[in-house]
Amino acid sequence: MMPASEQPEAPSQPLPTVKLDLSYTYDNLTGWKSVRVLRIGRGMYHDVRRRLPYYWSDIRDAWTYRTVASIIRMYFVNILPAIAYTLDMHRRTGHFYGINEALFSSALAAMVFSILAVQPLTIVGITGLISLFNYTIYDIINIYEPSIYPQFMCWVGIWGAIFHWIVALCNMCDYMRYATDFSSETFGFYVGTIYISKGVEELISEFTNNGHAAGFMSCMIAILYFLTIYSLETIGSSTAWRPDFRGLLADYAYVIGTIFWVGFSHIPGPLKAVDISRVPISKAFYPTQSRGWLIHFWELDAKWIFVALPFGFLIMLLFYYDHNVSSLTAQARQFPLKKPAGFHWDFFLLGCTTFISGIIGIPFPNGLVPQAPVHTDSLTVYETDVRIVPTEEGEGAEIRRPIVKSTAVVEQRVSHFVMGLAIIGTMTGPLLIVLHTMPAAVFAGVFFIVGWGSVGSSGIMQKSIYLVLEDRFVQRDEPLLRVRNRKILLWIACQLIGVAACVAISETIAAIGFPVLIIALIPFRVWIIPKWFSGDEIGVLDDMTANNEAVLASLGGSPKFPGEDRLQDAGIERRYSEQKRGISRQRAGSLHV
């Protein structure tokens, strides 16, 4: 017998009609009927207006254990990659960027966005792509006049901030509503590939600078650190032990792994005797180099000021995609969010932090991929249920399958704020000394963790695994069965070509242009992909990165793709199906709706 929650409804009890509002557009929300780009500042105004009534609840709702666990987890998830990226910049920018600059940048972003942002769940900090951007500019400037690098980067930040403000005021973030899994997964796969390659470069530098013994020990620490974090987080999402215990392992995986492997490198004897690189530090609250915090940008020659203009435009393009995709993934469809989002106001704030970062000589912060969705995940309340599935072996034979469902998200801004305070505390002398005890190999492991987090969970990887599975192990309700394998291969090839192009340009001095390729993913998906795939195929292979109407309200509502209605129809069908299942479970008396 099937349990009551799984029994089909009797035909005599038809489901009520579920009517979905297909006109949930920006114009209908605000009453405007003209071109949005000409409504200067109105997107920012309505972003703040929608979210402001929830501001105090963003503070009240934070008083739960999930917030405490999120603060600790995100402190490590934010600061460890930031230091890893800074070690890369430190080597490749003439030691201009150091640990204090990285901590200052992360703390500035956390303070500004936790207090003032409409989307406080989006973690903002230092990314690997800004590291790539900064040292590529250094390589270019080093050909002509290395001494002007600080002032030149300052003007890049000033021009970048101006372009940010123009984009935000003209409501141009609207075009991010066309970001689907095609472009988001391609970008995430590219980011993961870059991060993993950076981890390998970090280990190679150990062999080059400190010898074979240091290199082999660093490889061992990096790989085992990666496996430790990966194993603990895998246990956290499994059915091993009790839910509270495995949740504890997942929440504090970085704490456990970091403390153990840093301590491992200090074990007396042969291990401690190996001369491996450790985190370089400087005086507390002071820049790495002998300079003040204010960059003398007014001393740069006028010709270089205008040379910095196109670089500022490119930094805006990078942040336009990177930051907004971070916000979309932090509020993606798997998270049951209730509070409204706002992209235009937050992009204006990002321009402000870019301006401040430029004039004080720290890396420009922006939204973090994949840390931003990790923040939301750390605040999500999950319930584990058991689904009983009958088999073909006869009546009474059944399989018990665990089902993990997200039931709520603690939507608040306290975790981001407290994490920022903790990063400020890390800039003090005693904690800088603690950082100095950490081997650089740990941060190579961080590169592997962050990189694999983007690659391993990507839809590109999932579709590839589907193609190599033996047919009898594929679930019969798998949506990909409705698409021919050669079309799936073509879809993956389109994404991987985009990844390969971005990776290839990133390995040359032309890497400064990679934001253009990243932005090109959206029009390629909108205009080219529909020519090669039918609407039904796209409905299976793709989906909007965030289809929550509270999120899309800031971007003008659900998009209409040229000549293609299937993607939106598929989303409507999914939401209708979810509502129908919820009604059915309510009738059956289920507590898990």
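Please refer to the structure higher up on the page.
Within any chain, residue numbers begin from 1 and follow the written order of that chain's sequence. Since the coordinates come from a predicted model, pLDDT governs what is reported: local features require at least 70, and pairs of side-chain atoms require 80 or more to be given and counted, while whole-chain, interface and lining totals use all residues. As a rule here, side-chain values cover all heavy atoms of the structure and leave hydrogens and water aside.

**Re the packing of helix H4 (residues 65–92) against helix H5 (residues 99–116)**
Okay, step 1: Remark: H4 packs on H5, axes separated minimally by 9 Å, with the N-to-C direction vectors making an angle of 140°. With respect to each other, H4 and H5 are oriented oblique. Along this stretch, H4 crosses H5, giving a crossing that reads as right-handed. Along its contact with H4, which presents Asn78, Ile79, Ala82, Ile83 and Thr86, the element H5 presents Ile99, Ala102, Leu103 and Ser106. Note on definitions: angles span 0 to 180 degrees between N-to-C directions of axes, and those axes are lines fitted to C-alpha atoms, for helices only across the stretch in contact. Secondary structure elements are defined from DSSP: runs of H or I of at least 4 residues count as helices, runs of E of at least 2 residues count as strands, and each element is numbered from the N terminus. With respect to orientation, any angle under 35 degrees is reported as roughly parallel, any angle over 145 as roughly antiparallel, any angle of 65 to 115 as roughly perpendicular, and every other angle as oblique. By convention the crossing between two helices is left-handed if the near helix lies anticlockwise of the far one by an angle smaller than a right angle, and right-handed if it lies clockwise. The contact rule is simple, with two residues in contact once any of their heavy atoms fall within 4.5 Å.

**Topic: the side chain of Ser218**
Okay, step 1: Inspection of the secondary structure puts Ser218 in helix H9 (residues 212–236).
Okay, step 2: The contact partners of Ser218, leaving out residues within four places of it in the chain, are Leu203, Glu206, Ile276 and Ala441.

**Describing the pattern of salt bridges**
Pairing is possible between side chains that carry opposite charge, provided their charged atoms lie close to one another.
Okay, step 1: Salt bridge criterion: a side-chain nitrogen from Lys or Arg within 4 Å of a carboxyl oxygen from Asp or Glu. Taken as a whole and judged by the stated rule, the model has 20 salt bridges.
Okay, step 2: When the shortest N-O distance is used, the salt bridge between Asp58 and Arg51 registers 3.1 Å.
Okay, step 3: Note on exposure labels: buried denotes an accessible area under 20% of the residue type's maximum, exposed denotes more than 50%, and partly exposed covers the range between, all computed with a 1.4 Å probe on protein chains only. Overall, Asp58 belongs to the buried group, its relative accessible area being 0%.
Okay, step 4: Arg51 gets classed as buried once you look at its relative accessible area, which sits at 6%.
Okay, step 5: One salt bridge in this structure joins Glu201 and Arg92, with 3.8 Å as the shortest N-O distance.

**Some points on the nonpolar core**
Okay, step 1: Only buried residues count toward a nonpolar core, which is a set of Ala, Val, Leu, Ile, Met, Phe, Trp, Tyr and Cys residues joined through side-chain atoms within 4.5 Å. The biggest cluster of nonpolar side chains holds 155 residues, and the ones touching the most others in it are Ile137 and Tyr190.
Okay, step 2: Counting residues per element, this core draws most heavily on helix H13 (residues 302–330), which supplies 14 residues.
Okay, step 3: Residues contacting Tyr190, with those up to four places away along its chain left out, are Leu129, Leu132, Val499, Cys502, Val503, Ser506, Phe514 and Ile518.
Okay, step 4: Counting 7 residues, the second largest nonpolar core, distinct from the first, contains Leu121, Phe335, Leu337 and Leu379.

**Structural notes on the environment of Ile196**
Okay, step 1: Along the chain, the position of Ile196 falls in helix H8 (residues 181–210).
Okay, step 2: Relative accessible area serves as the criterion here: at 28%, Ile196 is assigned to the partly exposed category.
Okay, step 3: In this structure the C-alpha to C-alpha distance between Ile196 and Phe448, which are 252 residues apart in sequence, comes to 5.1 Å.

**Focus: the packing of aromatic side chains**
Okay, step 1: Stacked, tilted and edge-to-face are the three classes applied to pairs of Phe, Tyr and Trp rings, where Trp contributes its six-membered ring and a pair requires centres within 6.5 Å; stacked means planes under 30 degrees apart, edge-to-face means over 60, and tilted covers the rest. The tally for this structure, following the rule as stated, stands at 31 aromatic pairs.
Okay, step 2: A ring pair is formed by Trp345 and Phe348, whose centres lie 5.9 Å apart and whose planes are at 20°; its orientation type is stacked. One end of the pair, Trp345, and the other, Phe348, are both in helix H14 (residues 343–360), 3 residues apart, so they sit about a helical turn from each other.
Okay, step 3: Accessibility expressed as a relative area gives 21% for Phe348, which makes it partly exposed.

The values reported here are purely geometric and, on their own, carry no functional implication.
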